[in-house]
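# A closer look at the structure
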Amino acid sequence: MSNDFLSRRKFFSRGGSVIAASTMLPLGASEGDTRPQEHEMNEGDDYYSKLNLRPFINAAGTYTYLTASIMPPEVRADVNRAALSPVNLIDLQKAAGEYLAKKLHCEAALVSDGAASAMTLSTAACITRGRQRAIVNVPSDMCDLPNEVLIQKAHRYEYDHAIRCCGVKMVEVETLEDYDRAFNPRTAMAHFFNAAQGGQISREDWVGIAHKHGVPASNDAAADVPPKSRLWEYTQMGFDLVQFSGGKGLRGPQNSGLLLGRKDLVEAAAMNNNPYSDTVGRGMKVSKEQIIGLVAAVDWFLDQGETEMRGEFQKRAELIAAAVEKIPSVKAQIFVPPVANNVPHLLITYDMTRLKISAKDVQAELLQGTPSIALNPATGSENGGLMKGVVPGPNGIVVGVWMMQPGEDSIVARRLHEVLSKAGVA
Ligand SMILES: *Cc1c(COP(=O)(O)O)cnc(C)c1O
């Protein structure tokens, strides 16, 4: 393991105190509990089994391809109730936005079809603000419209496709001087990637210079809650448009997202959104179930005890660490990624001359086993992949504990112990 990795990691002592779950919760439950309620288990048909799919224990985290998160029981109940009755969709979007803006201390809010859709709608809003008739021209007839989006070179990422689908081109800048000089009448928006590891320009400077040129500044903070305070930190810093995923840390419907920001821009975003048909956002429909699901999830999330939740994740990581460290050469370290997925995770490493198995093979064995367990996708990777700032290597297993259900930590601990100890050479 490289020193670079060690120096950047924020290790937590595993002897630290564990905070007891809030007394507000029913007996046996803990913060972040999303387990099925008894009555829910008997409602509806088991379509996963009809489709021959095997659900797994999520020991990975909020990854889109693993369906990210489970809605809490209260939120599931609120969605079911809303699903019983039709309402006017535009009225619902507006009322939900006003409710959320108040809770999240910003001027305006919109429930979008995921953070990526919120980025598309943000871009469309910046292109068409003050020229509503241009909405129909995005993305194919852009000749008279602002069509450049500024971004730091180190912030380029796969998600900028959600911006480019508005017919704009990304203009890369590196230094503050580059950035200042890059503004011109065709500049639509200045976009920041909140969890980026590189880049010379700070959030404050990004906003300040954009405003000097009268251009809106946007910030993709999709995977960056908890902590709760991030939900208002960036709008209060001056970002005009901020995007969060609704189905990651917030535990709303997977296909929901939050667009927060300035009133005129959020209104312009809504005009580019469904249900209006001649818009770039028409294919990103947000149903009443998604909208109510996200509003209810935000309420749920704001009600959670932050320290208690973190304590619960820490406790799960410690339990797994204690089990695997009984095996010769196995070391376990709890780390907290700096911006995205900012909760305790576990890195397990071992001597591959003592345990004859690669981390990727452990991952495959856990996924194929019973119950099936999905480990974090950074497991066994040379560069951490999707997990920022961790370099596990071929003998590094990464466990994300925050999307587990209570009790699943001991199952994961037992399976990891079984698979690793079986690989030991005598
Ligand atoms: C997950 C993610 C997105 C997309 O969010 P969705 O809600 O799935 O659309 C965008 N940006 C970043 C940095 C993300 O992590």
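Rules behind the numbers
Residues numbered from 1 in each chain as written. Predicted model: local features only at pLDDT ≥ 70, side-chain atom pairs only at ≥ 80, totals over all residues. Heavy atoms only, no water. Pairing = 2+ DSSP bridges. Helix = DSSP H or I, 4+ residues; strand = E, 2+ residues; numbered from the N terminus. Axes fitted to C-alpha atoms, helices over the stretch in contact; angles between N-to-C directions. Contact = heavy atoms within 4.5 Å. Buried < 20%, exposed > 50% of the residue type's maximum accessible area, 1.4 Å probe, protein only. Arc of directions from axis to C-beta. Parallel < 35°, antiparallel > 145°, perpendicular 65-115°, else oblique. Left-handed = near helix turned anticlockwise from the far one by under 90°. Core = buried A, V, L, I, M, F, W, Y, C linked by side-chain atoms within 4.5 Å. Domains from an automatic or database assignment. Near = heavy atom within 4 Å. Polar contact = N/O pair within 3.5 Å; in protein donor to acceptor, adjacent residues only side chain to side chain. Areas by Shrake-Rupley, 256 points an atom, 1.4 Å probe, with all protein chains shown as cover. Nonpolar A, V, L, I, M, F, W, Y, C, P; charged D, E, K, R; others polar. Salt bridge = Lys/Arg side-chain N within 4 Å of Asp/Glu carboxyl O. Patch = residues over 30% accessible without salt bridge, like charges linked within 9 Å, V, L, I, M, F, W, Y side chains within 5 Å. Buried area = accessible area lost by both parts, 1.4 Å probe.

## Comments concerning the sheet that holds strand S12 (residues 396-400)
The strands that make up a sheet are held in pairs by hydrogen bonds between backbone atoms, and each pair lies either parallel or antiparallel. Read across the sheet, three strands follow the order S9-S10-S12 without closing on themselves; strand pairing throughout is antiparallel. Whereas interior strands pair on both sides, the edge strands pair on one side only; in this sheet they are strand S9 (331-335) and S12. Within this sheet the neighbouring strands show an average axis-to-axis angle of 20°, counted without direction. In the sheet, strand S10 (residues 345-349) pairs with S12 via five bridges, with the strands oriented antiparallel. Bridging across to S12, His345 finds its partner in Gly400.

## Quick word on the sheet that holds strand S3 (residues 148-152)
Pairing is mixed across the open sheet formed by seven strands, whose spatial order is S2-S8-S7-S6-S5-S3-S4. The sheet terminates laterally at strand S2 (108-112) and strand S4 (169-173), the two strands that pair on one side only. Strand-to-strand twist across the sheet, computed as the mean angle between neighbouring axes with direction ignored, equals 25°. Relative to strand S6 (residues 217-220), strand S5 (residues 187-193) runs parallel, the two sharing four bridges. Bridge pairing links His191 to Ser218 in S6. Seen against the sheet, helix H5 (residues 89-103) touches S2 and strand S8 (257-261) and runs at an angle of roughly 125° to S2. Packed on one face of the sheet, helix H9 (residues 203-212) meets S3, S4, S5 and S6 and runs near 175° to S5.

## Considering helix H10 (residues 230-237)
Those residues of H10 that sit buried are Arg230, Leu231, Tyr234 and Thr235. Down the axis of H10, the buried set is contained in an arc of 130°. They therefore lie on one face. Buried residues belonging to H10 abut H9, S6, strand S7 (241-245), S8 and helix H12 (288-303). Downstream of H10 by one or two residues, Gly238 has phi in the positive range, about 120°.

## Side note on the environment of Phe192
Within the fold, Phe192 resides in strand S5. For Phe192, a relative accessible area of 5% gives the class buried. Not counting residues up to four positions away in its chain, the partners in contact with Phe192 are Gln152, His155, Ile201, Ser202, Arg203, Trp206, Ser218, Asn219, Asp220 and Phe239.

## Side note on the packing of helix H4 (residues 73-82) against H12
Running from N to C, H4 and H12 cross one another at 150°; their axes reach a closest spacing of 9 Å. What the angle tells us is that H4 and H12 run roughly antiparallel. Relative to H12, H4 is oriented so that their crossing is right-handed. Along the contact surface, H4 presents Glu74, Val75, Asp78, Val79 and Ala82, while H12 presents Lys288, Glu289, Ile292, Gly293, Ala296, Ala297 and Trp300.

## Looking at the nonpolar core
The biggest cluster of nonpolar side chains holds 80 residues, and the ones touching the most others in it are Ile348, Val399 and Leu416. Looking at this core, the element that brings in the most residues is H12, giving eight residues. Inspection of this core shows a minimum of three residues originating in each of domain 1 (86-303) and domain 2 (306-422). Those residues in contact with Val399, other than ones at most four positions away along the chain, are Ala59, Ile320, His345, Leu346, Ile348, Leu375, Asn376, Met404, Val412 and Leu416. Membership of the second largest hydrophobic core comes to 37 residues, among which are Ile127, Ala134, Cys166 and Ala270.

## What to know about the site of the ligand
Near the ligand you find Thr64, Gly114, Ala115, Ala116, Tyr159, Phe193, Asp220, Ala222, Ala223, Ser245 and Lys248, and these make up its full shell. Residue Ala115 places a main-chain N or O atom 2.8 Å away from an oxygen atom belonging to the ligand. Residue Ala116 places a main-chain N or O atom 2.9 Å away from an oxygen atom belonging to the ligand. Compared with its free state, where it exposes 380 Å², the ligand has 86% of that area covered by protein. Residue composition of the shell around the ligand, grouped by class: six nonpolar, three polar and two charged.

## A word on the pattern of salt bridges
Taken as a whole, this structure holds 19 salt bridges when the rule is applied. Here Asp160 ties to Arg156 by a salt bridge, and the two come within 2.7 Å at their closest N and O atoms. Put simply, Lys315 and Glu312 hold a salt bridge, and the shortest N to O gap is 3.4 Å. Here Lys315 and its partner Glu312 are both found in helix H13 (residues 306-324), three residues apart, which amounts to about one turn of the helix. The class of Glu312 is buried, set by a relative accessible area of 8%.

## Section: a nonpolar patch on the surface
Judged by side-chain polarity, Tyr47, Tyr48, Leu51 and Leu53 come together as a nonpolar surface patch covering roughly 470 Å² of accessible area. Structurally, Tyr47 is set in helix H3 (residues 47-50). Given the relative accessible area of 49%, Tyr47 is considered partly exposed.

## Comments concerning the domain arrangement of the protein
Domain boundaries in the protein define domain 1 (86-303) and domain 2 (306-422). Each of domain 1 and domain 2 has a C-alpha centre, and these two points are 34 Å apart. Listed as interface residues are 15 residues of domain 1 and, on the opposing side, 13 residues of domain 2. Broken down residue by residue, the surface that domain 1 buries against domain 2 is led by Gln197, Pro226 and Arg251, which jointly contribute 40%. For the pair domain 1 and domain 2, the interface holds zero salt bridges.

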